[in-house]
Amino acid sequence: MNHTENLTRYTANFVDELAASGLTDVVISPGSRSTPLAMTIAEHPDLHERIVIDERSAAFFALGMAKKKQHAVAIVCSSGTAAANYFPAVIESYYSRTPLIVLTADRPHELRDTGAPQAIDQIKLYGDYPKWFHEMALPEADDPMLRYARSKASRAVHTANEGNQGPVHLNFPYREPLIPDFSLENLWGDRSEQSFYTTIEGERRLDEEQLKRLTTMLTSFRKGLIVCGPQTDPDFASAVTELAKLWQIPILADPLSQVRAGEHEKDLVIESYDAILRSETIRKHLKPDFIIRFGAMPVSKPYLFYVKDHNDCAQFVVENVQGYREPAGNITELIYADGAELCRDLATYNMANAFDAEWLKTWKKMNETAKIHLLETDTQPDMTEGEAVRCLAEAVPDESSLYVGNSMSVRDLDTFFLATPKNVQVLANRGANGIDGMISSGLGAAAAGDATTLVLGDLSFFHDMNGLLAAKHYGLNITIVVINNNGGGIFSFLPQVNHEAHFETLFGTPLNIDIGDAVKMYGGTYEQPANEVELTKVLNQSYQHEGLSVIEVKTDRTENLQWHRTKWAQIENALLTYLR
């Protein structure tokens, strides 16, 4: 058997097993050394490939698609620094528990460490971030090696998707010539009726004794909170809200928890807790006896201060599989069980009248009071960032996705995205909280199907402008709202703002670029509304036509800071009056 047949059959069996194991989507960045993988994937009838030229954008595009689909997406690139450009997305994949299959081509062993071009050390290139790394063998096509190729493909898909989802990395050394021969008989090999590795994974649930112990402990308390941090399980919202209704305790729901939006009941959802807990006095007054948290740590920094202020309260953190996500440093009981199933199991225990009715009443009244101020229309002519996000939250369509950038965007969404019956999935790259790759991630989510709105700052937009090429290339439907405060607006809320000599240069970092010109280059439509009425109008228009729509909202950092501070002060004064 010659080199080309070895190369072709080995790679074809690997690729076919990816499809057999449930993979459907691959994002490819062009290159020479990855030719066998790229061409074979493009040839396979069950795989949908997309070409994204820049590797960093490609990896974040795949990440956004995987977040939306909640299933692994593969990425393919050539050797050398092409593979290094995947690193930021691999990190985000690990920390946000998003399944990603990284397939990097490499020089064969005899060309490594010899000065050969595009040959870098790719062994464990991403350190300990991948759940699994494997250096693939050189291509051969005898039966044991074809089974080997299939076994690694199947293991890659299962490992990325199972448990705490995350990245896996397979490195492929290829010798030249690199062109496969698709005329070979039985090209895709002998696929079994099921994937090479099949898994039977049971649900993680507490047994009866564990549930009795937990409920007995909780009934010794009077003031409890359920906290829902970022998570993506579509079954969780109805389960946790039903539990809260039975127990009559409040739910503090992060905007990324999927609990604020949907058809489930939200009477006990406290969505304005970030605004409520900004006051140290109010935080001390609202001392809980216990907290049960599902999902990752909430976005809200006031909530972090709150749990630190009450580090003696009993805290339970529920992890679906495993993990130690508790940045406050408090003593915590970790519960490893499926969150939705745990809520349903706990709901079978009679906890009626176990908890303080006045505690719930206080939280609900404070939430109502805060929302009055958050929804209040201001008379000033210019839009602030909070008003823009509030307007967006009201306009975003039903059955759609809302992808939010980091820094101020996600914090304003936390404040102004209030409970809604619309089915809106809220996504973000909150694993490592970076601002890179946001456009590509939003477009990846858009490629998965639903109407998608991306809201981000001007620095995030600048970091990933080349990601817009995917929207043009594939005609993706997305509305991008750019909050342009001409720089790093979040730093205006941090102590750095008091150091005027260095603030603008090191932290404000004004860009002074014309976003409209960039949008034109990628064939999108562009609007710059001056007020909330105009913003609502152009948002609704953007949802009616296909392709890329970019809406730029220009704001002033200084005015925005003062507006937020005034709003928070109004809420604090109103809540303190209620407490008195």
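Structural data are supplied above this passage.
Residues numbered from 1 in each chain as written. Predicted model: local features only at pLDDT ≥ 70, side-chain atom pairs only at ≥ 80, totals over all residues. Heavy atoms only, no water.

1. A short note on the environment of Ala471
To be explicit about the condition: The helix count covers DSSP runs of H or I at least four residues long, the strand count covers runs of E at least two residues long, and both are numbered beginning at the N terminus. Should any heavy atoms of two residues lie within 4.5 Å, those residues are considered in contact.
Along the polypeptide, Ala471 turns up in helix α18 (residues 468-474). Considered as a pair, Ala471 and Ser279 are 192 residues apart in the sequence and their alpha carbons are 43 Å apart. Not counting chain neighbours up to four residues away, the residues in contact with Ala471 comprise Leu443, Leu476 and Leu548.

2. Some words on the packing of helix α3 (residues 55-69) against helix α5 (residues 87-96)
Worth spelling out the cut-off: Fitting a line to C-alpha atoms yields each axis, with helices limited to the stretch in contact; the angle taken between N-to-C directions then spans 0 to 180 degrees. Here the angle decides the label: under 35 degrees means roughly parallel, over 145 means roughly antiparallel, 65 to 115 means roughly perpendicular, and every other value means oblique. Three classes are used, and their members are as follows: Ala, Val, Leu, Ile, Met, Phe, Trp, Tyr, Cys and Pro are nonpolar, Asp, Glu, Lys and Arg are charged, and the others, Gly among them, are polar.
Taken N-terminus to C-terminus, the directions of α3 and α5 make an angle of 20°; their axes are 8 Å apart at the nearest point. Here α3 is positioned roughly parallel relative to α5, judged by the angle of their axes. Between α3 and α5, the residues in contact are Arg56, Ala59, Phe60, Leu63 and Lys67 and Pro88, Ala89, Glu92, Ser93 and Ser96, respectively. For the contact of α3 with α5, the residue count by class is five nonpolar, two polar and three charged.

3. Points about the nonpolar core
Just so we agree on the cut-off: Joining through side-chain atoms within 4.5 Å is the link that ties buried Ala, Val, Leu, Ile, Met, Phe, Trp, Tyr and Cys residues into a set, and such a set is a nonpolar core. Whether a residue is buried, partly exposed or exposed follows from its accessible area with a 1.4 Å probe, protein chains only, as a fraction of its type maximum: under 20%, in between, or over 50%, in that order.
Membership of the largest hydrophobic core comes to 55 residues, with the highest contact counts inside it found for Ile276, Leu286, Tyr303, Tyr306, Trp363 and Leu535. Apart from the residues lying within four places of it in its own chain, the contact partners of Tyr303 are Val227, Leu252, Tyr273, Leu277, Ile291, Met297 and Pro298.

4. Things to note about the side chain of Asn164
The condition that has to hold: Polar contact is the term for a pair of N or O atoms within 3.5 Å; when the atoms are in protein, one must be able to donate a hydrogen and the other to accept it, and sequence-neighboring residues count only if both atoms are side-chain atoms.
Of note, Asn164 is situated in the loop between α6 (143-161) and β6 (167-173). Among the polar contacts listed, one links the side chain of Asn164 to the side chain of Arg97, at a separation of 3.3 Å.

5. Topic: the sheet that holds strand β15 (residues 451-457)
Sheets are built from strands paired through backbone hydrogen bonds, the pairs being either parallel or antiparallel. Going by this rule: Two strands make a pair as long as DSSP finds a minimum of two bridges between them.
With parallel pairing, the six strands of this open sheet are ordered in space as β14-β13-β15-β16-β18-β17. Bordering the open sheet on either side are β14 (424-428) and β17 (525-527), each of which pairs with just one other strand. Taken pair by pair, the neighbouring strands of this sheet meet at an average axis angle of 20°, ignoring direction. Where β17 lies against strand β18 (residues 548-554), three bridges are found, and the strand directions are parallel. Within β18, the position partnered with Thr525 by the bridge is Ser549. Lying on the sheet, helix α14 (residues 385-395) is in contact with β13 (400-404), β15, β16 (478-484) and β18; it crosses β16 at an angle near 165°.

6. Points about the packing of aromatic side chains
What describes a pair of aromatic rings is the distance from one ring centre to the other and the angle between the planes of the rings. For clarity, the cut-off: Between 30 and 60 degrees the pair is tilted, below 30 it is stacked and above 60 it is edge-to-face, where a pair is any two Phe, Tyr or Trp rings, Trp via its six-membered ring, whose centres lie within 6.5 Å. When the NZ atom of lysine or the CZ atom of arginine is within 6 Å of a ring's centre and also within 35 degrees of its normal, the charge is said to sit over that ring.
One pass over the full model with this rule turns up 17 aromatic pairs. Ring centres 5.8 Å apart and planes at 55° place the aromatic pair Trp247 and Phe355 in the tilted group. Separated by 108 residues along the polypeptide, Trp247 in helix α8 (residues 236-247) and Phe355 in the loop between α12 (339-346) and α13 (357-374) bring together distant segments of the chain. Using a relative accessible area of 2% as the deciding quantity, one classes Trp247 as buried. Positioned above the aromatic ring of Trp568 is the side chain of Arg278, whose terminal nitrogen or guanidinium carbon lies 3.6 Å from the ring centre.

7. Thoughts on a negative patch on the surface
Here is the rule: Exposure above 30% relative accessible area and no salt bridge define the residues that can form patches, which grow by joining like charges within 9 Å and nonpolar side chains of Val, Leu, Ile, Met, Phe, Trp and Tyr within 5 Å. Areas reported as accessible are Shrake-Rupley estimates using a 1.4 Å probe. Residue values count occlusion only from the protein chains shown. Salt bridges are defined by distance alone: a side-chain nitrogen of Lys or Arg within 4 Å of a carboxyl oxygen of Asp or Glu. Counted charges follow a simple rule, with Lys and Arg positive, Asp and Glu negative, and His plus the chain ends left uncounted. Throughout, a charge is located at the NZ atom of Lys, the CZ atom of Arg, the CG atom of Asp or the CD atom of Glu.
A cluster of acidic side chains, namely Glu140, Asp142, Asp143 and Asp190, defines a negative patch on the protein surface. Secondary-structure assignment places Asp143 in helix α6.

8. Concerning the sheet that holds strand β12 (residues 333-336)
The sheet built from six strands is open, its strands ordered β9-β8-β7-β10-β11-β12 with parallel pairing. The open sheet has two free edges, formed respectively by β9 (269-270) and β12, since each of these has just one partner strand. Looking at chain direction, strand β11 (residues 314-319) and β12 are connected through four bridges and run parallel. If you follow Val317 over to β12, its bridge partner there is Leu334. Docked against the sheet, α12 engages β10 (290-294), β11 and β12, running at close to 140° with respect to β10.

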